[in-house]
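So the chains spell out like this:
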Amino acid sequence: MSTPLRIVIIGGGVIGSAIATFLTQTPGACEVTVLERDPTYGNASSARSASSIRQQFSTPVNIRMSQYGIDFFRHIGTQLRVGETAPDIGLVEPGYLFLASTAGAASLQENVRMQHAHGVAVDLLSSTQLRTAFPWLATRGLRCGALGRAGEGWYDGYSVLQAFRAKARAQGVAFVHAEANGFVRRGPRVAGVTVREGATLHCDMAVNAAGPWAAVVARWAGIELPVHARRRTVFSFTCPERLPRCPLVIEPGGLWFRPEGEQFLCGYAPAPADDLDDLPLDPDIGAFETLIWPALAQRVPAFVAVRMTGAWAGYYEMNVFDHNAILGLHADCPNLYFANGFSGHGLQHAPAVGRGLAELMLLGGYRSLDLSPLAFSRISERRPLMERNII
Ligand SMILES: Cc1cc2nc3c(=O)[nH]c(=O)nc-3n(C[C@H](O)[C@H](O)[C@H](O)COP(=O)(O)OP(=O)(O)OC[C@H]3O[C@@H](n4cnc5c(N)ncnc54)[C@H](O)[C@@H]3O)c2cc1C
């Protein structure tokens, strides 16, 4: 019998936990340790997410990952069941509605054509059709909108993280409360991961799943990873009026809102000049009054009467090269795997990434879904795979 591979994963958020789960689906293939410096996930993106899923991407590989993601989430009670405990993530599927002005209409139409070719159930609605479908929406300045008919909605992201973690543990994964702080190298390989608490974990393979902090980990191997921690604030608010059949709505400028129980959530992308790295995770409360509320009220007249009830901030692990995930090996290190740079869509893609990375690591290549368009090589070769539908 061959000795199992020793694998150390740095970061136990949804990505690290999903990879650990898929790696240990076949008993005996590997021994997996996940290093997590904060088991409360206080600042982890997975715990501060808006936890939504959509099929409307502009890149085919993202669509395919979301198609697998929604199927996985719909059946998560079976997929990640542990004994008698079947996780429930409260998935609902009211759709996403991308709105476009005249300036953005051609690009939206092109996206929809490509999405249809990849089996996405999405309708292009004129502004008149938008008014009929959503009488509470003011369509001034809008040319059209793209509405997803299936596979788009939201869920409890923290429950997804905990379900992966519980499943991985049940399959023998060790979650260790420790902070990785370097690599032991043998030639170009990573032979071990050192931790601040004083030990070295020897390994045959290591995984960088450190979320917004992934560039620090990459630097231990002398690799530049274009992933930056960019703060995003999410606000909750109440509205005295109901908005029947309200999907997740995205304004042409990137502001978004959606229902959350009896309330609503909303968020926005700051102007590039204000989008600095590593800002403290204090919510940008002032933006609600100055930027968000006026824009909300213009799009939905009932939002004139909203009341902000809370806010939180988290880091997007932003791949500034092309806003897409970076998966797999870098040419300079044959056994350090990357799963980083999800740029705001990592929760919904965690099932596909977990399965894909496990195949790559254990079988030497992708088997179920080809994730090679997201390989690290595109960065050194300066071939961006630009995702246009970034929220
Ligand atoms: C406001 C907001 C809204 C979002 N909305 C959505 C959405 O609607 N849909 C969607 O799909 N995605 C969304 N995302 C993105 C999604 O949450 C992330 O892509 C995903 O959670 C990334 O998971 P991760 O495991 O890579 O990172 P994290 O969850 O950040 O996990 C990384 C972990 O690594 C640990 N770590 C880092 N360095 C070390 C070290 N040296 N040693 C040990 N541990 C270490 C950290 O403590 C952390 O727990 C959103 C994110 C934010 C912030």
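Residues numbered from 1 in each chain as written. Predicted model: local features only at pLDDT ≥ 70, side-chain atom pairs only at ≥ 80, totals over all residues. Heavy atoms only, no water.

If you look the protein up in an unreviewed UniProt entry, it shows as FAD-binding oxidoreductase from Imbroritus primus.

A. View of the layout of surface pockets. Of the voids in this model, the second largest pocket is the one considered here, and its volume is about 360 Å³. In terms of lining, the second largest pocket is formed by 18 residues, of which the most central are F98, E251, P252, R388 and N389. Taken together, the elements giving at least two residues each to the lining of the second largest pocket come down to β4 (96–100) and α4 (102–117). Here the element with the most residues in the lining of the second largest pocket is α4; it accounts for 4 residues. For the lining of the second largest pocket, the residue count by class is 8 nonpolar, 7 polar and 3 charged. (1 Å grid on protein atoms, 1.4 Å probe; cavity = no way out; pocket = protein on both sides within 12 Å on 5 of 7 lines; lining within 4 Å. Points joined across faces, edges and corners; volume = space filled by probe spheres on them. Helix = DSSP H or I, 4+ residues; strand = E, 2+ residues; numbered from the N terminus. Nonpolar A, V, L, I, M, F, W, Y, C, P; charged D, E, K, R; others polar.)

B. Focus on the domain arrangement of the protein. When its domains are assigned, the protein resolves into domain 1 (5–84 + 156–226 + 322–380) and domain 2 (96–154 + 230–317). For domain 1 and domain 2, the distance between their C-alpha centroids amounts to 29 Å. Summed over both partners, the interface of domain 1 with domain 2 buries about 2200 Å², with 55% contributed by carbon and sulfur atoms. At the boundary of domain 1 and domain 2, one finds 0 salt bridges. Within the residue set of the side of domain 1 that touches domain 2, elements represented by two or more residues are β3 (52–53) and α2 (60–74). Counting residues per element, the side of domain 1 that touches domain 2 draws most heavily on α2, which supplies 6 residues. (Domains from an automatic or database assignment. Buried area = accessible area lost by both parts, 1.4 Å probe. Salt bridge = Lys/Arg side-chain N within 4 Å of Asp/Glu carboxyl O.)

C. Structural detail: the packing of aromatic side chains. As enumerated under the stated definition, the model contains 16 aromatic pairs in all. Plain terms: the ring middles of Y96 and F98 are 6.2 Å apart, the flat faces sit at 25° to each other, and that makes the pair stacked. Across the pair, exposure class does not vary: Y96 and F98 are buried alike. Relative to F264, the ring of F237 lies with its centre 5.4 Å away and its plane at 15°, an arrangement referred to as stacked. (Phe/Tyr/Trp six-rings, centres within 6.5 Å; stacked < 30°, edge-to-face > 60°. Buried < 20%, exposed > 50% of the residue type's maximum accessible area, 1.4 Å probe, protein only.)

D. Geometry of the nonpolar core. With 52 residues, the main nonpolar core has I9 and L327 as its most contacted residues. Ranked by the residues each element gives to this core, the list is headed by helix α9 (residues 346–363), at 8 residues. (Core = buried A, V, L, I, M, F, W, Y, C linked by side-chain atoms within 4.5 Å.)

E. Region of the structure containing the sheet that holds strand β19 (residues 333–340). Strand order in the open sheet formed by 6 strands is β8-β2-β1-β12-β19-β18, and the pairing between neighbours is mixed. One side of each edge strand has no neighbouring strand; the edge strands of this open sheet are β8 (174–177) and β18 (326–330). Averaged over all neighbouring strand pairs, the angle between strand axes comes to 20°, with direction disregarded. Along the sheet, helix α1 (residues 14–23) contacts β1 (5–10), β2 (30–36), β8, β12 (205–208) and β19; its crossing angle with β1, the most-contacted strand, is approximately 165°. Those strands touched by α9 are β1, β2, β12, β18 and β19, and its axis lies near 175° from that of β19. (Pairing = 2+ DSSP bridges. Axes fitted to C-alpha atoms, helices over the stretch in contact; angles between N-to-C directions. Contact = heavy atoms within 4.5 Å.)

F. Structural context of the packing of α2 against α9. As a packed pair, α2 and α9 sit with axes 8 Å apart at the nearest point and diverge in direction by 95°. Comparing the axis directions of α2 and α9 gives the class roughly perpendicular. On α9, the residues touching N62, M65, S66, Y68, G69, F72 and F73 of α2 are L347, Q348, H349, P351, A352, V353 and R355. The residue inventory of the contact of α2 with α9, partitioned by class, reads 8 nonpolar, 5 polar and 1 charged. (Parallel < 35°, antiparallel > 145°, perpendicular 65-115°, else oblique.)

G. Seen up close, the site of the ligand. Taken together, 39 residues are adjacent to the ligand, and E36, S46, S52, E317 and Q348 come closest. In the environment of the ligand, a nitrogen atom lies 3.2 Å from a nitrogen or oxygen atom belonging to the backbone of R37. The separation between an oxygen atom of the ligand and a polar main-chain atom of S52 is 2.9 Å. Notes on the ligand: free accessible area 1000 Å², of which the protein chains cover 97%. Where the shell around the ligand is concerned, the elements lending two or more residues are α1, β2, β13 (227–238), β17 (307–319) and α9. Here the shell around the ligand gets 4 residues from one element, more than from any other, and that element is β17. Its residues assigned to classes, the shell around the ligand comprises 20 nonpolar, 13 polar and 6 charged. Domain assignment of the residues forming the shell around the ligand places at least three in each of domain 1 (5–84 + 156–226 + 322–380) and domain 2 (96–154 + 230–317). (Near = heavy atom within 4 Å. Polar contact = N/O pair within 3.5 Å; in protein donor to acceptor, adjacent residues only side chain to side chain. Areas by Shrake-Rupley, 256 points an atom, 1.4 Å probe, with all protein chains shown as cover.)

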